[in-house]
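Architecture at a glance
For reference, the chains in residue letters:
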Amino acid sequence: MSQERRRWPQVGAVGVLLAGLIGGTAATAEAAPRPVVASVDAIVGTDRAVVVAVRCTKAARCQGKVKLTVAGAGTRAKAYRVKRGKATKVRIVLTAAQYRKVAAKKRITTVRVSAAGRQVVKRKVVLRAARPALRVRGTEVDVAADHVAQVSVACGSAAVRCTGSATLRIAGKAGAARPVRVAAKGVATLRFPLTSAQISALGTDGGWVGGQVRLTETTPERVASGTAVRLRMHGEGHDHGGSEGESAAYARGWTPTQYDTCTRAEHNSYAATGPDGKLYPSWHPPVHTRADGSTCTFGHEHGDDPTSSDIYEWAIEQFRAENPEAEGIPFGYGSEMLSEYSEIYGGGVHRHEDDPGQKVVVSNDQQMGVDFVDRYGDTQPLVCDHLIKAHQGSHSGDATKNNTHELFYALACNDGTKLHTYLMSNYGNANELHASCTRPFTAEHPEARAVQTIGSVLPDGEGGSRIIPTADCVEQYLKNGTENGTDTVDDRRGSPAASANSWWWAGYEQWQSFNSITDAEGKEIARFEPWFGLQNPSRYYVGNGATDTQVAYFNDLAWQSGNQQSWAPWRTQASGSATLIDRKSPKAWFNGAIRDAWITTTKVDNAEADTAVVYADPWGKNAKSTRSPASIRTYISRTDNTRYVTRTTPSVTNRSTRQHEGLQRKGATAPATLGFFYDYGTDAQGNSLGVHAPN
């Protein structure tokens, strides 16, 4: 039985308190037997046991029977005997048939306790089958070269830890049971060394093979569950490099689609050399000019040209401190180091993201909206240069479940604050998004509504969020909404191209990062929280399937019934084609290229450090002056700006009237639209650059 069951006389989470309830007859003489039902544990686990706690009062001894009558399933009884002033637990085991009926439907059950041959207690309770507290986080498992499968599980119990055992079956072949012990509301990674039969069943071709994780819980309740998974050996996402000197990101690379005219080789010609000496993909324009003057298109863009940043050379110098041959911003370096870190220290966390989703943000001479006193005693406005590279993919279901995306962040400010880091950033929790149409613009929605999803095995974050369009937002504000609302309730309008305040439309997507760098003692020495907005994502979240999230596409709404058919851009799309335009075509308006950045102050508290250079793990933690394997070199100025930098989270009000936090971005390589958006899919004259999803 559960730990909760052993804490008599307290009742379990769903137990029914019956203390002092004497049924039917008037009180008897002092010496008469007086059994009292203290509690009934009404949750029935796979042991089929119902436990009734009986206490004896005002008698030398109580004895008799405890009888359960399960509605529609018959009776079960068991004798009891307990001394005066004592208590006992009577464990009654249901028949298999009774348990099946309870498992299928909650059952009203009558508990009768008799003493000296007559009934003295009668009470009704509701029996129900125990539900699993453990769940598998993510159903796709990549098996590393050591033939160990790692599966993340979470304990849903709020008060009691989850314990039990787990087994992994691959193509019907079972391995040894592994112990499970997860803290309440905690997460743990189970490691399953594969048997020779499982390795043989898995094969070496990288194809998916079906399997199952079987969890047998002992606490908080005895219950078993099975989750279907699929596994592969050395599959995509765990290829940690190609030829010698190539990163996984470079080896995986980019493959042209039917709409792209550039070659893979031309894409690779823009490679960067990372601080580890490996080749990485890097920034390139969406249109490539060949030596003969002809052009071709890549079909995706990477945002601002990093060389337009005032601190570009300084940023590259930081990479060159480790490798004099380093050149360019290496896309995928954070993920590469995370793979190395996981292989050395365990944890099984890997993250390899596609090339088109890598986006650069340049912000020169950014007015930060706060003042500081310089060394001469003069008050100065804080001005900073930012060079940022985030990953923001809006064409697939990845972000609807996965919260971890790599982030390069460099800044230099006129108060002496400098920061240069590459890390894995968590945007909220894994398997959770927030609905875009519930963003906190008004008192109607003080907090965005959380939506639980499935399919990720990544750890939860310390903060941040992913605000993503959902099917109910589409239904309410597009198919049945208005293009331009007239009050605060309607201000989440139906179209991204509305004539007024279209930034407030229901499909606007916003990724809110949270990043905290801490030293070996846990002290926070830097914090920064840039947000990344997206006006025309390709997909929106629909719901959860059996093992993964499901999405649909904004492009396709042009040919579906609803109010949106009368508004741009859907009206324009449908008028140009009577049949559905491929969502991956450059003709599709929803290509993820219209974006904005929310940039605010960065906190640095590092004045007492011995050095500005530290080495942190890929999560930005445990920063030390000495290098550890798979650590990332980080530069944090030996300064302290906490006296005047009191906020690192961007504001969510008066967005259209602010003059800082990303609104005036000198040096952007794409034309501004709507005052603060940049359409990276067109040139300054509005001509298409061939950009399409995935982008």
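Described below are features of the structure shown in this document. (Residues numbered from 1 in each chain as written. Predicted model: local features only at pLDDT ≥ 70, side-chain atom pairs only at ≥ 80, totals over all residues. Heavy atoms only, no water.)

Things to note about the overall build of the chain
The helix and strand tally for the chain stands at nine helices and 41 strands. In the chain, buried positions account for 53% of the 695 residues. Taking all contacts inside the chain whose residues are at least 6 apart in sequence as the whole, residues at least 24 apart take part in 66%. Surface exposure of the chain reaches about 28700 Å², of which carbon and sulfur atoms provide 48%. (Helix = DSSP H or I, 4+ residues; strand = E, 2+ residues; numbered from the N terminus. Buried < 20%, exposed > 50% of the residue type's maximum accessible area, 1.4 Å probe, protein only. Contact = heavy atoms within 4.5 Å. Areas by Shrake-Rupley, 256 points an atom, 1.4 Å probe, with all protein chains shown as cover.)

Observations concerning the pattern of salt bridges
Evaluation of the coordinates by the stated rule reveals 20 salt bridges. For the salt bridge of E336 with K278, the shortest nitrogen-to-oxygen distance reads 2.7 Å. Here K278 lies in the loop between β19 (272-273) and β20 (279-280) and E336 lies in helix α6 (residues 333-345), a separation of 58 residues in the sequence. Through salt bridges with shared partners, a single ionic network connects K278, E336 and E340. (Salt bridge = Lys/Arg side-chain N within 4 Å of Asp/Glu carboxyl O.)

Describing the pairing of strand β4 (residues 49-57)
Across the nine residues that make up β4, a large majority, seven, are buried. In terms of strand pairing, strand β2 (residues 34-41) meets β4 through seven bridges, oriented antiparallel. Each bridged residue has a counterpart across the sheet, and for V37 the counterpart in β4 is V54. Sheet topology note: the β4/strand β7 (residues 87-93) ladder contains seven bridges and is antiparallel. Opposite V50, over in β7, you have I92 as the bridge partner. (Pairing = 2+ DSSP bridges.)

Here we look at a positive patch on the surface
On the surface, a cluster of positive charge is made up of R61, R81, K83 and K86. Mapped onto the secondary structure, K83 falls in strand β6 (residues 74-83). Exposure remark for K83: the relative accessible area of 60% places this residue in the exposed category. (Patch = residues over 30% accessible without salt bridge, like charges linked within 9 Å, V, L, I, M, F, W, Y side chains within 5 Å. Lys, Arg positive; Asp, Glu negative; His and termini not counted. Charge placed at Lys NZ, Arg CZ, Asp CG, Glu CD.)

So, the sheet that holds strand β24 (residues 379-391)
Strand order across the open sheet formed by six strands is β23-β24-β25-β26-β39-β38, with antiparallel pairing between neighbours. Each edge of the open sheet is held by one strand with a lone partner, namely β23 (358-373) and β38 (613-616). Strand-to-strand twist across the sheet, computed as the mean angle between neighbouring axes with direction ignored, equals 30°. Strands in contact with helix α5 (residues 312-320) are β24, β25 (404-413), β26 (418-426) and β39 (632-636); relative to β26, the strand with the most contacts, it is inclined by about 70°. (Axes fitted to C-alpha atoms, helices over the stretch in contact; angles between N-to-C directions.)

Things to note about the state of the cysteines
All chains considered together, the criterion is met by five disulfides. Here C262 engages in a disulfide with C296; their sulfurs sit 1.9 Å apart. Across the S-S bond of C262 and C296 the torsion is about 95°, and the bridge reads as right-handed. Of this pair, C262 sits in the loop between α3 (248-252) and α4 (264-268) while C296 sits in strand β22 (residues 295-297), and the two are 34 residues apart along the sequence. Of the two residues examined, C262 and C296, each falls in the buried class. Disulfide pairing is shown between C384 and C413; the S-S distance is 2.0 Å. On the sign convention where negative means left-handed, the S-S torsion of about 105° between C384 and C413 marks this disulfide as right-handed. Separated by 29 residues along the polypeptide, C384 in strand β24 and C413 in strand β25 bring together distant segments of the chain. Across the pair, exposure class does not vary: C384 and C413 are buried alike. If one numbers only the bonded cysteines of the chain, in the order they occur, the disulfide pattern is 1-2, 3-4, 5-6, 7-8, 9-10. (Disulfide = S-S within 2.5 Å.)

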